[in-house]
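# Structural features, examined
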Amino acid sequence: MGERMSRPDDAAIIVTGAARGIGAASAQELAADGWAVAVLHRNGRGDAEALVQQIVDQGGRALPIRADLREPDEVERAFETAQQELGPVLGLVNNAGVRADNLALSITDEDWQLVLDTNLSAAFRLTRRAMRGMLRARFGRIVNVASVVGPRANPGQANYAASKAGLIGMTKTVAAEVARKGVTVNAVAPGFIATEMTKDVPPAVLEAVPARRAGQPQEVAACVRFLASDAATYVTGTTLYVDGGMSA
Amino acid sequence: MSTTTDTTQVEQTVYKSLETFGADPAQIKREATFEELDVDSLDLAELSQIVEDEYGVKFKSSDVENLKTVGDAVDFIVANK
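Every chain is numbered independently, its residues counted from 1 as its sequence is written. Chains and ligands are labelled sequentially in the order written, the chains with letters from A and the ligands with numbers from 1. In keeping with the predicted nature of the model, local features appear solely for residues at pLDDT of at least 70, side-chain atom pairs appear and are counted solely at 80 or more, and the whole-chain, interface and lining totals rest on all residues. Neither water nor hydrogens contribute to the side-chain values; these are computed over all heavy atoms in the structure.

## Comments concerning the overall build of chain B
- Along chain B, the regular secondary structure elements total four helices and zero strands.
- Secondary structure elements of chain B occur, N-terminal to C-terminal, as α-α-α-α.
- Dimensions of chain B, computed from C-alpha atoms along their principal axes, come out at roughly 30 × 25 × 20 Å.
- In chain B, buried positions account for 44% of the 81 residues. Segments assigned H or I by DSSP are reported as helices when at least four residues long, segments assigned E as strands when at least two residues long, and all are numbered from the N terminus. For every residue, the accessible area (1.4 Å probe, protein chains only) is compared with the maximum for its type, and the residue is labelled buried under 20%, exposed over 50%, or partly exposed between those bounds.

Quick look at the structure:
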């Protein structure tokens, strides 16, 4: 049997790193589109709770869940909580990401592992877990938040670049594996977006951006919303650059 | 120890799953090979998850490689329940 063309009404979506920035904006967009949203965060309890309240006030459904995604047991626990409290998890936005910048010569094993575990391995574990229900439902939407860094160089970020390029590689292969079962897997690749993570980036970077401004988290979130929507049924394995023309 | 009831029950689970994967119900029988039924490795991975959830039987990749027919899968599950 083939795919289901539209999202079941009770479907839930997990957004990691959802307390702030692109994750929070995505959670809001997805809730507005009718998803019940699990707002995963590691140490952003206040922000996550405020975001959930905002979504609920607007008539949506959401739940804050604290989890350290570097711990496989916590990934499993968070997934189960989302499923029990919100409904079948048929959407996943792997957004949680950290930076630990240094020239490759000086990146410690710890900083390499921290970035790869958080940005890539956690995304894989959640993807593997979520696919079980998605395959059975013949419907699933996975969106991985990658970066322009990875497909292109950025000195000082070998660990971050490896994790984001890895996400794009994973996106393509998993997409090809499950496409015929109604599960789509895509990535967005944000450029310079005004968030907590980029607040220390010098404004001179904007000279490399044809749009001559930083992007807003909402501008990435709109693309996440589209890729997770019924409108994107035939879009899979792709990477949507949201970078003001930086990669053009 | 397996019983006839076990085998019938497992057969039902496996047959139902194969139908969901798109196999022709008229072709699903113990002797049918997964290849004949057009059931591929992703379908078998999904079947492994269903069986694990329902019966607690875990398939290793090497186990799955040795299952050629529907009967092989049913017998494997019953023997490992």
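## Digging into the packing of helix α4 (residues 109-137) of chain A against helix α2 (residues 41-55) of chain B
- Interaxial angle, 0 to 180 degrees, is taken between N-to-C directions of lines fitted to C-alpha atoms, where a helix line uses only the stretch in contact. Interaxial distance between α4 of chain A and α2 of chain B falls to 11 Å at its minimum, and their mutual angle equals 105°. Classified by the angle their axes make, α4 of chain A and α2 of chain B are roughly perpendicular. Two secondary-structure elements touch here, α4 of chain A through R132, L135 and R136 of chain A and α2 of chain B through L42, E46, Q49, I50 and D53 of chain B.
- Side-chain classes are defined by residue name, with Ala, Val, Leu, Ile, Met, Phe, Trp, Tyr, Cys and Pro counting as nonpolar, Asp, Glu, Lys and Arg as charged, and the others, Gly among them, as polar. Residues belonging to the contact of α4 of chain A with α2 of chain B are distributed by class as follows: three nonpolar, one polar and four charged. Should an angle fall under 35 degrees it is taken as roughly parallel, and over 145 as roughly antiparallel, whereas 65 to 115 is taken as roughly perpendicular and any remaining angle as oblique. Contacts: residue pairs with any heavy atoms within 4.5 Å of one another.

## Quick notes on the interface of chain A and chain B
- Chain A puts nine residues into the contact, and the matching count from chain B is eleven residues.
- Both faces combined, the contact of chain A with chain B buries some 950 Å², and carbon together with sulfur accounts for 41% of it.
- What makes a salt bridge here is a side-chain nitrogen of Lys or Arg within 4 Å of a carboxyl oxygen of Asp or Glu, nothing more. On the surface where chain A and chain B come into contact, there are seven salt bridges.
- When the shortest N-O distance is used, the salt bridge between D40 of chain B and R180 of chain A registers 2.6 Å. Accessible surface is computed with a 1.4 Å probe, and the buried area is the amount of it that two parts give up when combined, taken over both parts together.

## Side note on the pairing of strand β2 (residues 36-41) of chain A
All names here are of chain A.
- Burial analysis of β2 places six of its six residues in the buried class, which makes it a mostly covered element.
- Residues A36, A38 and L40 line one face of β2 and the alternating positions V37, V39 and H41 line the opposite face, and both faces are buried.
- Direction of pairing for strand β1 (residues 12-15) relative to β2: parallel, over a ladder of four bridges. Bridge pairing in β2 links I13 to V37. At least two bridges found by DSSP between two strands is the condition for calling them paired.

## Thoughts on the packing of aromatic side chains
- When two rings of Phe, Tyr or Trp (its six-membered ring) have centres within 6.5 Å they constitute a pair, described as stacked for plane angles under 30 degrees, edge-to-face for angles over 60, and tilted for the intermediate range. This structure, assessed with the given rule, holds one aromatic pair over all chains.
- Seen from their ring centres, F59 of chain B and F76 of chain B are 5.1 Å apart, and the 25° between their planes marks the pair as stacked. In this pair, F59 of chain B is assigned in the loop between α2 and α3 (61-66) and F76 of chain B in helix α4 (residues 70-80), connecting sequence segments 17 residues apart.
- Residue F76 of chain B is classed as buried on the basis of its relative accessible area, which comes to 18%.
- Ring-over charges, as used throughout, are those where CZ of Arg or NZ of Lys falls within 6 Å of the ring centre and within 35 degrees of the ring normal. Here R7 of chain A stacks its cationic end above the ring of W35 of chain A, 4.7 Å away from the centre of that ring.

## A look at the sheet that holds β2 of chain A
All names here are of chain A.
- Ordered by their spatial adjacency, seven strands build an open sheet running β3-β2-β1-β4-β5-β6-β7, and the pairing between neighbours is parallel. At either margin of the open sheet sits one strand with a lone partner, and together these are β3 (61-66) and β7 (239-242). Each adjacent strand pair in this sheet contributes to an overall mean axis angle of 20°, direction not counted.
- With four bridges connecting them, β1 and strand β4 (residues 89-94) associate as parallel partners.

## Some details on the pattern of salt bridges
- Under the criterion given, the structure shown has 24 salt bridges over all chains.
- Across the pair D53 of chain B and R132 of chain A runs a salt bridge whose closest N-O atoms are separated by 2.8 Å. Placement of D53 of chain B in helix α2 and of R132 of chain A in helix α4 is noted, with the two residues assigned to different chains.
- Under the relative-accessibility criterion, D53 of chain B is labelled partly exposed at 44%.
- In this structure, the salt-bridge partner of E46 of chain B is K181 of chain A, at a minimum N-O distance of 3.0 Å. Taken together, the residues E46 of chain B in helix α2 and K181 of chain A in the loop between α5 (158-178) and β6 (183-190) connect one chain to another.
- Taking the relative accessible area as the measure of exposure, E46 of chain B reaches 3% and is therefore buried.

## Regarding the nonpolar core
- Core analysis: the largest hydrophobic core is formed by 66 residues, its most contacted members being I14, L30, W35, V37 and V188 of chain A.
- Ranked by the residues each element gives to this core, the list is headed by α4 of chain A, at ten residues.
- Beyond its immediate chain neighbours, meaning those up to four positions away, V188 of chain A contacts V143, N144, V145, A146, S147, V220, C223, V224, L227, T239, L240 and V242 of chain A.
- Of all hydrophobic cores here, the second largest spans 25 residues; its members include V10, I28, F59 and V74 of chain B. Here, nonpolar core refers to any group of buried Ala, Val, Leu, Ile, Met, Phe, Trp, Tyr and Cys residues whose side-chain atoms link them within 4.5 Å.

## Quick look at α2 of chain B
All names here are of chain B.
- Each helix should span, by expectation, one fewer than its residue count multiplied by 1.5 Å. Helix length check: α2, at 15 residues, gives a terminal C-alpha distance of 20 Å against a target of 21 Å (1.5 Å per residue), a fit within 8%.
- All of the buried residues along α2 are L42, D43, L44, E46, L47, S48, I50, V51 and Y55.
- In the analysis that follows, any N or O atom pair within 3.5 Å is treated as a polar contact, provided that within protein one partner can donate a hydrogen and the other can accept it, and provided that, for residues neighboring in sequence, both atoms belong to side chains. Two to three positions downstream of the cap, the backbone nitrogen of L42 sits 3.2 Å from a side-chain oxygen, assigning the N-cap of α2 to D40.
- Looking one or two places after α2, you find G56, whose phi comes out positive at around 70°.

## Examining the side chain of D63 of chain B
Residues and elements named next belong to chain B.
- When you line up the elements, D63 lands in helix α3.
- Positive charges come from Lys and Arg alone, negative charges from Asp and Glu alone, with His and the N- and C-terminal ends not counted. For the buried D63, no salt bridge is present, and the opposite-charge side chain at shortest range is K60, 4.8 Å distant.
- Reaching out from D63, the side chain makes a polar contact with the backbone nitrogen of K60 at a distance of 2.8 Å.
- Not counting chain neighbours up to four residues away, the residues in contact with D63 comprise K58 and F76.

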